[in-house]
Amino acid sequence: MGMRIVIAKPGLDGHDRGAKVIARALRDAGHEVIYTGLRRNPAEIVRTVLDEDATGLGLSTLSGAHDVLIPKICKLLRSEGMNDVIVFAGGIIPDYDRDELFSQGLRAIFGPGTQTKEIINFLQDVSSRKENGEPVGVGEELGWHWQ
Amino acid sequence: MGGIGSNVEEIISNAIGGNRRSLSKLLTIIESGKSIPTNNLGAWTLGVTGPPGVGKSTLIGKMIIEWISRGEKVAVLAVDPSSPKSGGALLGDRMRMAISDANDLVFVRSLATRNHPGGLTSFLAPMISLLSQCGWTRIIIETVGSGQSEIRIVAFADRVLLVEGPDRGDIIQAEKAGIIELADIIAINKSDLPSAQLAADSLQNSLSLSTETAIEVCLVSAHLGDGVTELVESIEQIETDSNRDTIRFRERLLSAWDSRLISHPQFNEVIRALSAGTITLDEALEQISQATN
Ligand code: B12
Ligand SMILES: Nc1nc2c(ncn2[C@@H]2O[C@H](COP(=O)(O)OP(=O)(O)OP(=O)(O)O)[C@@H](O)[C@H]2O)c(=O)[nH]1
Ligand SMILES: [Mg+2]
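Residues numbered from 1 in each chain as written. Chains lettered and ligands numbered in written order. Predicted model: local features only at pLDDT ≥ 70, side-chain atom pairs only at ≥ 80, totals over all residues. Heavy atoms only, no water.

Asker: So, the site of ligand 1: which residues are in play, and what are the values?
Answerer: Residues and elements named next belong to chain A. Every one of the 24 residues lining ligand 1 counts as a neighbour, but G14, H15, D16, L62 and T114 are closest to it. At 2.8 Å, a side-chain N or O of S60 approaches a nitrogen atom of ligand 1. With respect to ligand 1, the backbone of L62 contributes an N or O atom lying 2.7 Å from a nitrogen atom. Of all elements in the fold, only α1 (17–28), β3 (56–61) and β4 (86–91) reach the threshold of two or more residues within the shell around ligand 1. (Near = heavy atom within 4 Å. Polar contact = N/O pair within 3.5 Å; in protein donor to acceptor, adjacent residues only side chain to side chain. Helix = DSSP H or I, 4+ residues; strand = E, 2+ residues; numbered from the N terminus.)

Below, the structure is given as structure tokens:
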């Protein structure tokens, strides 16, 4: 069985091609994908994850606001008690910002040119880790992230 | 933030107490096939059906706003198809109901058909009961809007809204049996487009020829919000039709039967044998019904 995954576009970023490509690829890999559409704020994204009881949240940002929006979303998830949600992201996220995002509980970041196969491999890996009881959620012990 | 609860009884009582996470978890539990104790205390239900892309989700998004302003709490179960090949699904209804993400008086859950025959899973019934028990006063079910699911919706919803679009004027044949006989009200959406009025007129005309009881046809624009207040008002006036009970229970029975069939332990095995040509269809049916008894 696949996972239930919310794919979200936080902030004012209007680039939706990547998010749509990912949403389709995950569906074709057997996951149930809820796509939020453009321009959702952190509270709306967290509400979607909550009502949909999603196991994963994939954030797509290309506008440069990832350094503010992603930590906000991670904090909100934790404060709502959703520590076990697996959060990952893609888009234009420079290397020098990545460690800070991993320290917020993000478990993977995928830049332009990523093959969708790699993202599917990540999901497979992360869900078997979760099954083994390893910490992979946004509010669980830090340490492991993809690559 | 309270916890969701540690056992099903506790999760249920937390959900009824208003905890959204508990409610959300319970819906997942129901969807996974486990039965939980719920009782249907007269839930208010509306099924929204109609062909793909006519604007069902967008219209529901607008109707939600109207209901909230009338003091209702609105829950939506939005069904989209699973891919028969991968088993995955792209659940896109919620995206059209932006209000759902930001208001405590709205709860939207996207559901995949998971290849359930008829396009609607029999788990809808306990989900509806649960939502009603948790204080949701208007429960809306959006179907995938094609084929059998159009009729099967009567198994779960006491009222049915059929949404049509302007380009479908000559496709609609009111004489043709089907959902049009079961709809309580019809909305022609996209009235902002030129041909909508024409579609409404021609539909009204052909309906007046065939049915004993007049079905109301409303022109609406989910984009502009035109006609939505009137539509909601008309929906509120619908008297649920007890004459429909035979059809309702027929569809309920079929739905429950389908569920039992696809969750049968030998279901996949029998399919494999069928496609390998080692058994006939009759033998397959025999095998499954023997294992049931
Ligand atoms: C196409 C494009 C546009 C189109 C967007 C059309 C659309 N509907 O998507 C248009 C012309 C509208 C546009 C406008 C703008 N753009 Co533009 N655009 C691009 C461009 C050339 C390609 C983006 C794209 O679609 N790639 C194809 C998709 C498939 O790739 P992707 O999104 O990167 O996704 C892949 C991965 O990143 C990852 N991924 C992405 N999201 C997610 C999510 C998850 C969960 C996962 C797992 C993976 C994942 O997987 C995907 C597959 O490999 C990029 C440059 C570039 N090469 O990236 C600039 C770029 C993103 N744009 C940029 C800018 C500045 C703009 C504008 C502000 C103005 C401008 N200068 O053009 C406007 C703003 C629009 C807005 N409202 O936000 C900048 C952003 C700079 C920055 N962040 O620092 C870029 C980087 C160009 C540049 N080098 O300056 N743009
Ligand atoms: N012009 C116009 N377009 C509309 C209106 N309502 C919806 N649409 C558009 O019609 C398209 C489909 O809308 P949805 O609400 O997703 O339709 P749907 O019936 O829920 O679609 P499915 O769930 O996929 O069957 C979108 O592009 C909407 O923006 C309307 O009142 N006028
Ligand atoms: Mg829809």
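Asker: Residue-level account of the packing of helix α2 (residues 42–52) of chain A against helix α3 (residues 66–79) of chain A, with values.
Answerer: Residue and element names in this part refer to chain A. Contact geometry for α2 and α3: axes closest at 9 Å, N-to-C directions at 45°. Comparing the axis directions of α2 and α3 gives the class oblique. The interaxial crossing formed by α2 with α3 has right-handed handedness. Across from P42, A43, I45, V46 and V49 in α2, the residues of α3 making contact are L69, K72, I73, L76 and L77. (Axes fitted to C-alpha atoms, helices over the stretch in contact; angles between N-to-C directions. Parallel < 35°, antiparallel > 145°, perpendicular 65-115°, else oblique. Left-handed = near helix turned anticlockwise from the far one by under 90°. Contact = heavy atoms within 4.5 Å.)

Asker: Just give me the short version of the confidence of the model for chain A, but keep the residues and values in it.
Answerer: On average, chain A scores 94 in pLDDT, and the residues at 70 or more come to 100%. Across chain A, the element-wise mean pLDDT spans from 92 in helix α4 (residues 95–102) of chain A up to 97 in strand β1 (residues 4–8) of chain A. (pLDDT = per-residue confidence, 0-100.)

Asker: An account of the sheet that holds β1(A) is requested, with residue identities and associated values reported.
Answerer: Strand order in the open sheet made by the six strands is β5(A)-β4(A)-β3(A)-β1(A)-β2(A)-β3(B), with parallel pairing throughout. On the outer flanks of this sheet lie β5 (109–110) of chain A together with β3 (89–91) of chain B, each paired with one strand and no other. Direction of pairing for strand β2 (residues 32–35) of chain A relative to β3(B): parallel, over a ladder of three bridges. Bridge assignment links E32(A) to a residue of β3(B), and that residue is A89(B). The sheet contacts of α2(A) involve β1, β2 and β3 of chain A, and relative to β1(A) the element is tilted by about 165°. (Pairing = 2+ DSSP bridges.)

Asker: Please set out the coordination of the magnesium ion (ligand 3) residue by residue, giving values where relevant.
Answerer: All names here are of chain B. Surrounding the magnesium ion (ligand 3) are the protein donor atoms S57 (OG), D93 (OD) and E142 (OE), which sit 2.0 to 2.2 Å from the metal. Sequence spacing of the donor residues for the magnesium ion (ligand 3), all on one chain, is S-x35-D-x48-E. Taken together, the positions of D93 in the loop between β3 and β4 (106–112) and E142 in strand β5 (residues 138–142) put the pair 49 residues apart, joining distant regions of the chain. Residue class for D93 comes out buried when judged on its relative accessible area of 8%. (Donors = N, O, S within 2.8 Å, 3.2 Å for Na, K, Ca; no water. Buried < 20%, exposed > 50% of the residue type's maximum accessible area, 1.4 Å probe, protein only.)

Asker: Outline the nonpolar core, supporting the account with residue identities and numerical values.
Answerer: Residue and element names in this part refer to chain B. In this structure, L23, L26, L131, W136 and I186 are the most contacted members of the largest nonpolar core, which totals 46 residues. Each of domain 1 (1–35) and domain 2 (38–244) contributes no fewer than three residues to this core. For L131, the residues in contact, after removing those within four places along its chain, are L23, A75, L77, F107, W136 and I139. (Core = buried A, V, L, I, M, F, W, Y, C linked by side-chain atoms within 4.5 Å. Domains from an automatic or database assignment.)

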